[in-house]
Amino acid sequence: MNDLKGGFSKTILFVISIFLFSCSKKTDQANFEIEVDTQNLVHEIQPNMYGVFFEDINSAADGGIYAELVKNRSFEFEDPWMGWKHLPEAETRFNTQNELTLVSDVQNNPTNKRFLRIDKRKDEDTFGLQNEGFSGMGIKKSGKYDFSFFAKLNSGKIEVKASLVDSLGNSIGSTVLQVNSNTWTKYEGVIEANETVKNAKLNVTFKGLGKLDVDFISLFPQDTWKGRKGGLRKDLVQLLADMKPGFVRFPGGCIVEGRTLDERYQWKKTLGNPENRETLINRWNIEFKHRPAPDYFQTFGLGFYEYFQLSEDLNAEPLPILSCGLACQFNTSETVPMEELDLYIDDALDLIEFANGSITSKWGKIRSEMGHPEPFNLKYIGVGNEQWGNEYFERYAEFSKAIRAKYPEIKIVSGTGPSDSGELFDMAEKALIDLKPDIVDEHYYKDPKWFLGNATRYDNYDRNRYKIFAGEYAAQSVATVSPDNKNNLECALAEAAFMTGLERNADVVYLASYAPLFAHVDRWQWTPDLIWFDNLSSFGTANYYVQKLFSEFKGTHTLNIKMNGENITGQNGIYASSSLDKKTNEVIVKLVNAGDHTADISINFKGVSGNKTGEITSLSNEDKLAYNTITKPELIVPVEKKIDLTEGGAKIVMEPNSFKVLRFKN
């Protein structure tokens, strides 16, 4: 009897457990019905809505997209020997046989006054220098590298040997050049590497007897973007090109402002031959105690001409940002007096002439002499970066008046400061309504919850006010400026959810870009970042693929997409936007499931009939905290497959933690 009773109890418990499991499974899966109206266009989407924000932080320029491999190539860093080591190891300035000293002569080159003076009194070939590169030099087997330097032979006969060496000091390729001119001359050779080395170094040694001056020692891969000599790193630009960005904002960011006005970004100093561009400390050099970067300087080999050229290569609108005469307010807040503001305003007017002026104009002629006689067709210009307060607004007003008077066709970008809300933001909104900028730059560095909750941020925005540039945003997995932030899927999905709101309100939001763009895995100051790289390879984050999919499949006009007659803005963790591309007659639907449940979604496309085949691209992972790394760069990548539509409808299974883009031709 007791056995029967026990067996019965077990049976009851088993049935109850099955029932509870069944109930739990039902709560883990939900059904949704969505309607997309393909017959009525709602808002025009700006053709350049989604772009990229470039700032020289995290070694994005020198040591990054600018392919120069030599650090401190003209000895102009604050510590002129930074990046260099004497060969042999012992300090050569105590050597009585041969001397290698640093000379400072402003008459030789006013912008880069330092150079090396070599006095060879003993004929041995191990005497010279070694450059460490940017945490080493990424060298590829069979790759060809352009080595160059400027030199003046004062007496005797000396040859210069450049050798790439691995971590053990073994040569993996070299070239020898004979110096034979007693005036400053550029010498060039090619090194072909016989091994792939991630952290190679460059040895430059001098053989023979005599006295020699040397400057601007440089090494570039020949395999650059578009094969340009002294150009950009190919893989990094390709990642940008794959995004199909609508604009390139440059050169930042706080780097525009500088910690002081003397350290602000001055675009005119970035023109001309690279050897004549003046080196400047990078404002991120000592900004963060958790990631000090004492060797972070700007050589401006990547200057404004190259930024414009890059924008043109990417078929993207250039969007330069200029100093408004106010240094970074997180640092010194140094302010130029209003009566001295004309110099800064002239910089803005001259930049427009540089970009768009005829070759007979002063600055248009300089552009032409640099190799681009055709105008760059600049349409936007930003005044100030992340400034706030009356000191900004009164300066912006003067810029606006001057630019509109001379170039009324140029759209001016202003800003609301560093925050998305609060006293400074409210103050900016009031002031900017009167100042009437064309576009206002807003920044959002918040946790994922904020992004999910702000998908409706612009739903009730005053349509008669200025337009919005979501100029810097990135979900922070830990906290803003935390070195522990990760580019995980949770953050990427939160950004995707937020972006459905940007897209739904395309009549208000004209431009949008994630920030920062690049980060070297060994040389970063700020995280998260869109694209990571080391000396040899690079990869896109989950956030990168979200940005890429929005940009690649944005459409030309928004469509109404509803669930129970309402915009889809987070009901049960689901977010959505829809658009039509009139150029291709393609209907596009973007769906985000930010929840931990599976969602079965039935979509009815109003105005679509018959059976069709489309494509659906999915970005997902079971672990929302997963993220791509340099060793696992494809942990979270888009997967594309065909999808069938039946009688104007589609059924989609949205896995937990997923983003999907559906598209088909109507």
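So, here is what we can say about the structure in this document. Per chain, residue numbering runs from 1 following the sequence as it is written. Thresholds applied to this predicted model are a pLDDT of at least 70 for local features of residues and 80 or more for the giving and counting of side-chain atom pairs; totals over whole chains, interfaces and linings are not thresholded and use all residues. Processing note: side-chain calculations cover all non-hydrogen atoms of the structure and skip hydrogens and water entirely.

Inter-axis angles, ranging from 0 to 180 degrees, are taken between N-to-C directions of lines fitted to C-alpha atoms, where helices are fitted over the stretch in contact. The helix count covers DSSP runs of H or I at least four residues long, the strand count covers runs of E at least two residues long, and both are numbered beginning at the N terminus. Look at helix 10 (residues 489-504) against helix 11 (residues 542-552): their axes get within 8 Å of each other, and the N-to-C directions meet at 20°. One finds that helix 10 runs roughly parallel with respect to helix 11. Regarding helix 10 and helix 11, the two cross each other, and that crossing is right-handed. Residues Leu489, Cys491, Ala492, Glu495, Ala496, Met499, Thr500 and Glu503 of helix 10 form the contact with helix 11, whose participating residues are Ala542, Asn543, Val546, Gln547 and Phe550. Charged means Asp, Glu, Lys or Arg here, nonpolar means Ala, Val, Leu, Ile, Met, Phe, Trp, Tyr, Cys or Pro, and polar covers whatever is left, Gly included. Among the residues making up the contact of helix 10 with helix 11, the classes are represented as eight nonpolar, three polar and two charged. With respect to orientation, any angle under 35 degrees is reported as roughly parallel, any angle over 145 as roughly antiparallel, any angle of 65 to 115 as roughly perpendicular, and every other angle as oblique. Left-handed is the label given to a crossing in which the near helix is rotated counterclockwise from the far helix by less than a right angle, and right-handed is the label when the rotation is clockwise. What makes two residues a contact is simply this: any of their non-hydrogen atoms within 4.5 Å.

Moving on, we come to empty space enclosed by the protein. A 1.4 Å probe that fits into a set of points on a 1 Å grid over the protein atoms alone but cannot get out defines a cavity; an open set with protein on both sides within 12 Å along at least five of seven lines defines a pocket, and lining residues are those with an atom within 4 Å of a point. Grid points are joined across faces, edges and corners, and a volume is the space filled by probe spheres set on the points. Summed over all chains, the structure comprises four cavities of 30 Å³ or more. Lining the largest cavity are Asp56, Ala61, Asp62, Pro251, Ile255, Tyr265, Gln298, Thr299, Phe300, Gly301, Leu302 and Tyr307. In terms of residue class, the lining of the largest cavity is made up of seven nonpolar, three polar and two charged. Together, Arg264, Tyr265, Gln266, Trp267, Leu322, Ser323, Tyr344 and Asp347 line the second largest cavity. The residue inventory of the lining of the second largest cavity, partitioned by class, reads four nonpolar, two polar and two charged.

This next bit is on the state of the cysteines. In plain terms, two cysteine sulfur atoms within 2.5 Å form what is called a disulfide here. This model, assessed by the stated rule, comprises zero disulfides. With no disulfide of its own, cysteine 328 lies 4.6 Å from the sulfur of cysteine 254, the closest cysteine sulfur.

Buried Ala, Val, Leu, Ile, Met, Phe, Trp, Tyr and Cys residues form a nonpolar core when they are joined through side-chain atoms within 4.5 Å. Only protein chains enter the calculation, and the probe is 1.4 Å; a residue is then buried if its accessible area is under 20% of its type maximum, exposed if over 50%, and partly exposed in between. Ile65, Phe304, Phe518 and Phe659 are the most contacted members of the largest nonpolar core, which totals 122 residues. The element best represented in this core is helix 10, accounting for 10 residues. Once residues within four sequence positions are removed from consideration, phenylalanine 659 is found in contact with Leu493, Ala496, Val546, Leu549, Phe550, Lys590, Leu591, Val592, Thr617, Ser618 and Leu619. Of all hydrophobic cores here, the second largest spans 36 residues; its members include Trp84, Phe127, Val160 and Leu164.

The next subject is the packing of aromatic side chains. Note on aromatic contacts: the rings of Phe and Tyr and the six-membered ring of Trp form a pair at centre separations within 6.5 Å, being stacked when their planes are under 30 degrees apart, edge-to-face when over 60 apart, and tilted otherwise. In the structure shown here, the tally under the stated rule is 44 aromatic pairs. With a centroid separation of 5.3 Å and 65° between ring planes, the pair formed by tyrosine 445 and tryptophan 526 is classed as edge-to-face. Of this pair, tyrosine 445 sits in strand 18 (residues 439-446) while tryptophan 526 is found in the loop between strand 21 (518-520) and strand 22 (531-533), placing the two residues 81 residues apart along the sequence. Centroid distance tryptophan 524 to tryptophan 532: 6.4 Å. Interplanar angle 75°. Geometry classified as edge-to-face. The same class applies to tryptophan 524 and to tryptophan 532, which are both buried. Counted as over-ring charges are cases with an Arg CZ or a Lys NZ within 6 Å of the ring centre that also lie within 35 degrees of the ring normal. Arginine 283 extends its terminal NZ or CZ atom over the ring of tryptophan 284, reaching a point 4.4 Å from the ring centre. It is arginine 663 that lies over the ring of phenylalanine 553; its NZ or CZ is 4.0 Å from the centre.

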